[in-house]
6 protein chains.
Amino acid sequence: MPVANDVDLQVLARGTPGFCGADLANMVNEAALLAARQGKKSVEMTDFEQAKDKVLMGVERKSMIISQDEKNNTAFHEAGHTLVARLMPHADPVHKVTIIPRGMSLGLTQQLPLNDKYTYTKDYLLTSITILLGGRSAEELVLKDRTTGAGNDLERATELARKMVCEWGMSDELGPLTFGKKEEQIFLGREIAQHRDYSEETAIKIDQEVNKIVTSSYEKAKRLIIENVNALHRLASALLEKESLDGKEIDEIIFGNNTLVVQESLQMEEGKV
Amino acid sequence: MPVANDVDLQVLARGTPGFCGADLANMVNEAALLAARQGKKSVEMTDFEQAKDKVLMGVERKSMIISQDEKNNTAFHEAGHTLVARLMPHADPVHKVTIIPRGMSLGLTQQLPLNDKYTYTKDYLLTSITILLGGRSAEELVLKDRTTGAGNDLERATELARKMVCEWGMSDELGPLTFGKKEEQIFLGREIAQHRDYSEETAIKIDQEVNKIVTSSYEKAKRLIIENVNALHRLASALLEKESLDGKEIDEIIFGNNTLVVQESLQMEEGKV
Amino acid sequence: MPVANDVDLQVLARGTPGFCGADLANMVNEAALLAARQGKKSVEMTDFEQAKDKVLMGVERKSMIISQDEKNNTAFHEAGHTLVARLMPHADPVHKVTIIPRGMSLGLTQQLPLNDKYTYTKDYLLTSITILLGGRSAEELVLKDRTTGAGNDLERATELARKMVCEWGMSDELGPLTFGKKEEQIFLGREIAQHRDYSEETAIKIDQEVNKIVTSSYEKAKRLIIENVNALHRLASALLEKESLDGKEIDEIIFGNNTLVVQESLQMEEGKV
Amino acid sequence: MPVANDVDLQVLARGTPGFCGADLANMVNEAALLAARQGKKSVEMTDFEQAKDKVLMGVERKSMIISQDEKNNTAFHEAGHTLVARLMPHADPVHKVTIIPRGMSLGLTQQLPLNDKYTYTKDYLLTSITILLGGRSAEELVLKDRTTGAGNDLERATELARKMVCEWGMSDELGPLTFGKKEEQIFLGREIAQHRDYSEETAIKIDQEVNKIVTSSYEKAKRLIIENVNALHRLASALLEKESLDGKEIDEIIFGNNTLVVQESLQMEEGKV
Amino acid sequence: MPVANDVDLQVLARGTPGFCGADLANMVNEAALLAARQGKKSVEMTDFEQAKDKVLMGVERKSMIISQDEKNNTAFHEAGHTLVARLMPHADPVHKVTIIPRGMSLGLTQQLPLNDKYTYTKDYLLTSITILLGGRSAEELVLKDRTTGAGNDLERATELARKMVCEWGMSDELGPLTFGKKEEQIFLGREIAQHRDYSEETAIKIDQEVNKIVTSSYEKAKRLIIENVNALHRLASALLEKESLDGKEIDEIIFGNNTLVVQESLQMEEGKV
Amino acid sequence: MPVANDVDLQVLARGTPGFCGADLANMVNEAALLAARQGKKSVEMTDFEQAKDKVLMGVERKSMIISQDEKNNTAFHEAGHTLVARLMPHADPVHKVTIIPRGMSLGLTQQLPLNDKYTYTKDYLLTSITILLGGRSAEELVLKDRTTGAGNDLERATELARKMVCEWGMSDELGPLTFGKKEEQIFLGREIAQHRDYSEETAIKIDQEVNKIVTSSYEKAKRLIIENVNALHRLASALLEKESLDGKEIDEIIFGNNTLVVQESLQMEEGKV
């Protein structure tokens, strides 16, 4: 089946970082199947988009019954991620946000890097941690409660902060050293655990530095949301109404006339973290 | 065999959270069998209820000989759970309480959520911990002794409190970080143990926060029981007489004319924990 | 072979807590065999008693040659257990005491609960610990020496005290929390070790509480023995002479005219531990 | 082959504590073989003695070439054990001492208990530790040097002292508790290691108590040797000349006219350890 | 196929330390293949060089699309390694530097030792650590950011510093002792982990010494780059233009007329680390 | 093939401590082979010596290309071992020193004990540690640098010192106790690791005592070398020239007329370590 004229391969490629050959083949087959089911004569861009999401995030679970409370919660949580991701300089562009459950998650904010990355700068990592904490920040500030749904975000943020300190030498306090030795490939050919080969005194310093990175990023996420709380409410409302928003829709919802102001104020603060 | 008109599928569904296909099939077969044994022409709601309890909680062990002391103890223990569960705002409705031994337990208080939950709020978790501690609270206040029967409740309450602090970022003291790294799938494809990757200093803070959550919930459970100690005695007496009580019976026993007052006083205190 | 008229099944049943079907079959066969060997026409109560002891405690080892010193020691040790068990309120009735070696042990004090227990109260557990320490107390007070024979008693007393603190929430200092996480079913389907998931600070508190429970129980056991030292000497002498004593004989030896006094003084102290 | 008239079964039996049936059969065969090789008509006491030593301690290694220095060292080491064992009240009688190498050891002091022991008193254990340290004490006082040959003695003395504190409740400081939990039967059905389940604070106390027991026993051993240093020299000289000494020879060498005095002075000190 | 006249076996040999027979055979085959593909009549030096790089570092990945930002970053990172390696006395000569990605790395600075080394001096090890830290130093000083790309350099620098302290007795603070015991050959015949057999107090000293070595080397690398920042810019520009530079080209880029001055100033500082 | 008249079996035997039957057979075969290759009619002493070295130390690797720097380093390192070994009272006689690489080592100093030893005195062990540290001492004093080549010496010296403190009771500070429990025979029938069963407080004391033994021995080795630095230079020069030296040559190089003086000054200091 031929590919329709509207298919933009570059946009598709950007949306599939980390895809291996089998994933790509999988996506093309899914797209062709979707087009065939609808009696189309060519595979269109929407077919590829849906196929990509299915491969990337698992099957949509539209039949799942979710209470209004949890839907509301999820909408604000994802709006938090999206708002922070859209406002941080150095962040990858926001491609899509949805509160349709897929696989194991109730919602998703998806960013697309402009090109493949092989290394990450300290600024980019701090930005990623701040975006990860945007969901919990929105919950806490608007809903005045915290949910278990943020657990995975916090785990990933903590892990990134720990690696910044222990593997990538990004803490001035601990210097350009690495901490913890990986135990390699025993039994089943995989790393099992980091082996702690440092003193308790060093362990305390590591904890303090990891804490400093995560809590200062959390403060920044909360500040961004407070300063743009109206945009957050608009995003959450739109999500509750439409369930999914693409990058263009997100921009229209967030930006009235104060976009540039926020960006500038942020860039001035950037150096302090 | 046809299903009787009195069968309310929605109530059944709410009572079976976490049931997989095999469990449901199992329940339907048990219900049909029970109806057949009694020579019924259709499977009635009571058959489904009994079948559900059997699948959910194991076979009733009516032949087990339990001393009057232990029966009394169990009645007050379960009455404690039930009273706290019924009085806490945010708690799932109480469906049933029984002191007929089933499987490994001497009694049971069963709550039915109004709908499936995929995430839990901090308030809901604190409520759950308080309910879990309601049994021991009743033992201690009324019987002036503590039994080993509460061990499982305490273990579950501690585990929830620890997860609030270490996995779900719900302690202000420790912030939006996670603590402890799971060791994955060695040998037999399952998590074995949390890997402690933090300092002793952090371990002390975690212990303090977990302790604060559990002991303040315990204080709340004890306060609720003291303020409603007559309702507790009425519940325990009814249990010793009838062995099982459903949600409607529980409400009739607990509430005279002071229901709303308790609820209000609680809601005012809610924010402090 | 018929069962004799003197067989009291209720007494037999109380003496076999934890017996499974195979154990019961085993006991009945042994009893029949014993009766047959003596040319009896029916299986009498004494046959059942002997059969039960054999299944419960292993074969009597009458041929074992034990020095007079060790026999004396064992007699005072068992007399200590028996005296404390008989004097403590809340203790299960004492059924038998013997210094005939059986299996791995040189002597045995056997209590029979009046009915099956599924949970244990804090009072009952403190009583059990005090009885376990009664043997060593007698050794120390009368013989002015300590033997390795008490090692197993101390281990069980310590384990009970540790569970009171760490699993059953019975220490006010540590509160209604549990400590230590069980590692489940690795390799051969069994728990291997408690996983220590708490700080050193908490470990110190646990040690202090466990120590407090065991040492205060030890003080109580010693006090009981000092106040009734004549009864202890009478019990030990009777054991050295007859080797075994049943519940009725024990009562006759212990109680002259001061029984009730002891009981009352104890009940007054009970609340302090 | 018949047994000679001089064979004293009681003495043989005392010298074989812990022998199982196979060991006994082994010893009898060896004795018969020895007698046959010498063309004897009956198996004599000396044949049984030699056979027992072979089963108990391994084959004599008379061909092993040992330097005069090491022989001298061994003689004083064994004389130290022997002297202390002979002078301590509560010690089992000394049966034999030898500097003929056997199996893994260069020399041996053998005590024979007067009867089987199933439990050990604190006094007996302190005596055993003091005897174990008698070898090193002699080395240090007379030869002014310490050898690696005492390593095994020290290990056994430390282990006994640790068990006194951790398993048998014989330290007043730590009380009638046990410390450390045995990990049972993993993989190959055997205990692997003691599981440390106590705090560092308790570990420090245990170390101090174990140290107190071993060092005070060491002081006692050294004092005994200093007060009887002439007997030590006489014993070592006799060993260098004859290589082996039996109990009667040992007594003749040690005791002139001051035996009772030593015993009395010791008994007065006994209570202080 | 014959070997061309321009092939210098000694240079090839120096560039293949650690090659085993199979690696050498592999290299020769690859070189012959490359020559054959180009229709050459003999295998030339360039063929051997390319074949060696392929065996040593993996296949070139010229098709990998790398953003201009990351290319720039890599160029300054490698220029940092190269500049430090070229300026340190005691360093092995720099053979080549490239920003063509190969295998897992985005760039590479290759040094060739003048002859095989079987042992390493403290000076040589400090030099190696300083060169390893040259990449991160350049990133930090010129780009004012830190990337994850330096993680592997930091790990190797830390490991060398730790071995200097723990295995090679090169810290005056800790003296000529070794720390940590290797666990040998369990299960699959390989070392698994260093066994920590020292106190926390010693662990703190080790951490301090390792830190001192790495941070003082880092200071030296940064000082060298600051003093020669123009050479760094020239090297990075040339790399961005030509992608690879050989030893001769590197020398031409770095050295105008101030070479000797730098060398001298360094040699004076050398003793202080 | 017959054995030549010059073969001195006693010297051969002294040079093969720890040889088992297979090693001896191996040596005899190698010697016969060597003699046969040279067309000899009998196996001479030199054949046995070469065969012994091959079995003991691995094949000579004369073809290995070693830089002049490393050869120089090795010569001073081995000269250091040799000089200290020759000057220490209580040391075994020096048989040979070589800088021909064999197996894994670049050089070797070989001592031959005058007779088999089954135990070691504290003096002998301190002497061994001092000799092990003689190589690093020579490097540091003469070459003003430290190499990784001494790593194995330091490991063995540390291990001996640790055993003196933890297994052989040779530290006054820690007394006649042992520390650490061996874990036996798991999985593959071998000890895996010492099990640390003592407190952190004890671990600190052990570290201090081990450190004291090693550093005081190091000071003694350095003092010996400083006082005899001319002999060290003569030894190193001779090694660079001849590659191997036997005991007689070593004596001629070291001793002019000041031998006895050194020995005496050492014996006076001996007691202080």
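Predicted model, so just to flag it, every value in this text is computed and none were measured.

Overview of the overall build of chain A
Item 1. Regarding its fold elements, chain A presents eleven helices and five strands.
Item 2. Taking all 273 residues of chain A together, the buried fraction comes to 53%.
Item 3. Of the roughly 13000 Å² of accessible surface on chain A, 51% is carried by carbon and sulfur atoms.

Here we look at the sheet that holds strand S5 (residues 244–246) of chain A
Residue and element names in this part refer to chain A.
Item 1. If you trace the three strands from one edge of the open sheet to the other, you get S2-S1-S5, paired in antiparallel fashion. Single-partner strands in this sheet number two, and they are strand S2 (108–111) and S5. Between one strand and the next, the sheet's axes are offset by a mean angle of 10 degrees, whatever the strand orientation.
Item 2. One ladder, built from three bridges, connects strand S1 (residues 94–98) with S5; its direction is antiparallel. Its bridge partner lying in S5, Lys96 is registered against Asp246.
Item 3. In this fold helix H3 (residues 45–57) packs onto S1 and S2, with an angle of close to 110 degrees to the strand it touches most, S2.
Item 4. Helix H9 (residues 229–242) rests against S1 and S5 of the sheet, and its axis sits at about 120 degrees to S5.

Details of the relation of the copies chain D and chain C
Item 1. At an RMSD of 0.1 Å, chain D and chain C line up after a rotation of 60 degrees and a shift of 0.0 Å along the axis. Such a combination of rotation and displacement between the chain copies is what one expects of a six-fold axis. Scanning chain D for the C-alpha nearest the rotation axis identifies Glu200(D), at a separation of 7.2 Å.
Item 2. Little of the interface of chain D is mirrored in chain C: 6% of its interface residues are interface residues there too.

Description of the side chain of Thr130(F)
Residue and element names in this part refer to chain F.
Item 1. Relative to the helices and strands, Thr130 is located in helix H5 (residues 122–132).
Item 2. We classify Thr130 as buried; its relative accessible area is 2%.
Item 3. Each residue touching Thr130, except ones within four places of it in the same chain, is listed here: Val84, Met88, Ser217, Lys220 and Ala221.

Here's the deal with the pattern of salt bridges
Item 1. Within this structure, the stated rule accounts for 81 salt bridges over all chains.
Item 2. With a shortest N-O distance of 2.3 Å, Arg146(E) and Asp172(A) are connected by a salt bridge. Pair noted here: Arg146(E) is in the loop between helix H6 (134–143) and helix H7 (151–166) and Asp172(A) is in the loop between helix H7 (151–166) and strand S3 (181–182), and the two residues belong to different chains.
Item 3. Here Glu49(E) and Lys52(E) are joined by a salt bridge, their closest N and O atoms 3.5 Å apart. Residue Glu49(E) and its partner Lys52(E) are located together in helix H3 (residues 45–57), separated by three residues, close to a single helical turn.
Item 4. We classify Glu49(E) as buried; its relative accessible area is 19%.

Let's talk about the interface of chain D and chain C
Where interface size is given, it is often the accessible area lost as the parts come together that is meant.
Item 1. Counting from both sides, the interface comprises 33 residues of chain D and, opposite them, 36 residues of chain C.
Item 2. Carbon and sulfur atoms make up 55% of the area that chain D and chain C hide from each other, which totals about 2800 Å².
Item 3. Counting across the interface, chain D meets chain C through one salt bridge.
Item 4. Split by residue class, the side of chain D that touches chain C holds eleven nonpolar, ten polar and twelve charged.

Overview of the sheet that holds strand S2 (residues 108–111) of chain E
Each strand in a sheet pairs with another by means of backbone hydrogen bonds, the pair being arranged parallel or else antiparallel.
Residue and element names in this part refer to chain E.
Item 1. Strand order across the open sheet formed by three strands is S2-S1-S5, with antiparallel pairing between neighbours. The outermost strands of the open sheet, each flanked by one partner alone, are S2 and strand S5 (244–246). In this sheet, neighbouring strand axes are inclined to one another by 10 degrees on average, regardless of whether the strands run parallel or antiparallel.
Item 2. One ladder, built from four bridges, connects strand S1 (residues 94–98) with S2; its direction is antiparallel. Of the residues in S2, the one forming a bridge with Lys96 is Gln110.
Item 3. Here helix H4 (residues 68–87) sits on the sheet and contacts S1 and S2; the angle it forms with S1, its principal contact strand, is near 170 degrees.
Item 4. Set on the sheet, helix H10 (residues 247–254) makes contact with S1 and S5; between it and S5 the angle comes to about 90 degrees.

Here's the deal with the relation of the copies chain E and chain A
Item 1. If you rotate chain E by 60 degrees and push it 0.2 Å along the axis, it lands on chain A with an RMSD of 0.1 Å.
Item 2. Counting the interface residues of chain E, we find that no more than 6% of their copies in chain A are interface residues as well, pointing to two distinct contact surfaces.

Details of the environment of Val97(E)
Residue and element names in this part refer to chain E.
Item 1. Following the sequence through the fold, Val97 ends up in strand S1.
Item 2. Taking relative accessible area as the criterion, Val97 reaches 1% and is therefore assigned buried.
Item 3. Along the chain, Val97 and Lys163 lie 66 residues apart, while their C-alpha atoms are 28 Å from each other.
Item 4. Beyond its immediate stretch of four places on either side in the chain, Val97 contacts Glu78, Thr82, Leu108, Thr109, Leu239, Glu243, Ser244, Leu245 and Ile250.

Some words on the side chain of Thr127(A)
Item 1. The residue Thr127(A) is located in helix H5 (residues 122–132) in this model.
Item 2. Only 2.9 Å separates the side chain of Thr127(A) from the backbone oxygen of Asp123(A), close enough to count as a polar contact.

Here we look at the environment of Val165(D)
Residue and element names in this part refer to chain D.
Item 1. Here Val165 lies in helix H7 (residues 151–166).
Item 2. Here the alpha-carbon distance between Val165 and Asp207, two residues 42 residues apart in the chain, equals 9.4 Å.
Item 3. Sequence-distant contacts of Val165, that is, excluding residues within four places in its chain, are made with Ser171, Leu174, Leu177, Phe179, Ile206, Glu209, Val210 and Ile213.

Things to note about the interface of chain E and chain A
Item 1. Opposite the 36 residues of chain E that make contact, chain A presents 34 residues.
Item 2. For the pairing of chain E and chain A, the buried interface totals around 2800 Å² over both sides, and the portion due to carbon and sulfur atoms is 54%.
Item 3. Its largest share of buried area at the contact with chain A, chain E owes to Glu70(E), Arg146(E) and Thr148(E), together 22% of the area lost on that side.
Item 4. One can count one salt bridge joining chain E with chain A.
Item 5. Inspection of the chain E/chain A interface yields 15 residue pairs in polar contact (both at pLDDT 80 or more).
Item 6. Considering each element in turn, the side of chain E that touches chain A owes the most residues, ten residues, to helix H8 (residues 200–227) of chain E.

Focus: the packing of aromatic side chains
Item 1. In this structure the tally under the stated criterion is twelve aromatic pairs over all chains.
Item 2. For the ring pair Tyr120(B) and Tyr124(B), a centre distance of 5.5 Å and an interplane angle of 20 degrees mean the geometry is stacked.
Item 3. Judged by centre distance (6.2 Å) and plane angle (85 degrees), the ring pair of Phe179(F) and Tyr198(F) falls under edge-to-face. In this pair, Phe179(F) is assigned in the loop between helix H7 (151–166) and strand S3 (181–182) and Tyr198(F) in the loop between strand S4 (194–195) and helix H8 (200–227), connecting sequence segments 19 residues apart. We note that Phe179(F), like Tyr198(F), is buried.

Remarks on the packing of helix H4 (residues 68–87) of chain A against helix H8 (residues 200–227) of chain A
Residue and element names in this part refer to chain A.
Item 1. At a minimum axis distance of 10 Å, the contact between H4 and H8 shows a crossing angle of 95 degrees. As far as their axial angle goes, H8 and H4 are roughly perpendicular. Residues Gly80, Leu83, Val84 and Leu87 of H4 form the contact with H8, whose participating residues are Ala221, Leu224 and Ile225.
Item 2. Across the contact of H4 with H8, the residue classes tally to six nonpolar, one polar and no charged.

Rules of the game
- Residues numbered from 1 in each chain as written.
- Chains lettered and ligands numbered in written order.
- Predicted model: local features only at pLDDT ≥ 70, side-chain atom pairs only at ≥ 80, totals over all residues.
- Heavy atoms only, no water.
- Helix = DSSP H or I, 4+ residues; strand = E, 2+ residues; numbered from the N terminus.
- Buried < 20%, exposed > 50% of the residue type's maximum accessible area, 1.4 Å probe, protein only.
- Areas by Shrake-Rupley, 256 points an atom, 1.4 Å probe, with all protein chains shown as cover.
- Pairing = 2+ DSSP bridges.
- Axes fitted to C-alpha atoms, helices over the stretch in contact; angles between N-to-C directions.
- Contact = heavy atoms within 4.5 Å.
- Least-squares fit on C-alpha atoms with pLDDT ≥ 70 in both.
- Salt bridge = Lys/Arg side-chain N within 4 Å of Asp/Glu carboxyl O.
- Buried area = accessible area lost by both parts, 1.4 Å probe.
- Nonpolar A, V, L, I, M, F, W, Y, C, P; charged D, E, K, R; others polar.
- Polar contact = N/O pair within 3.5 Å; in protein donor to acceptor, adjacent residues only side chain to side chain.
- Phe/Tyr/Trp six-rings, centres within 6.5 Å; stacked < 30°, edge-to-face > 60°.
- Parallel < 35°, antiparallel > 145°, perpendicular 65-115°, else oblique.

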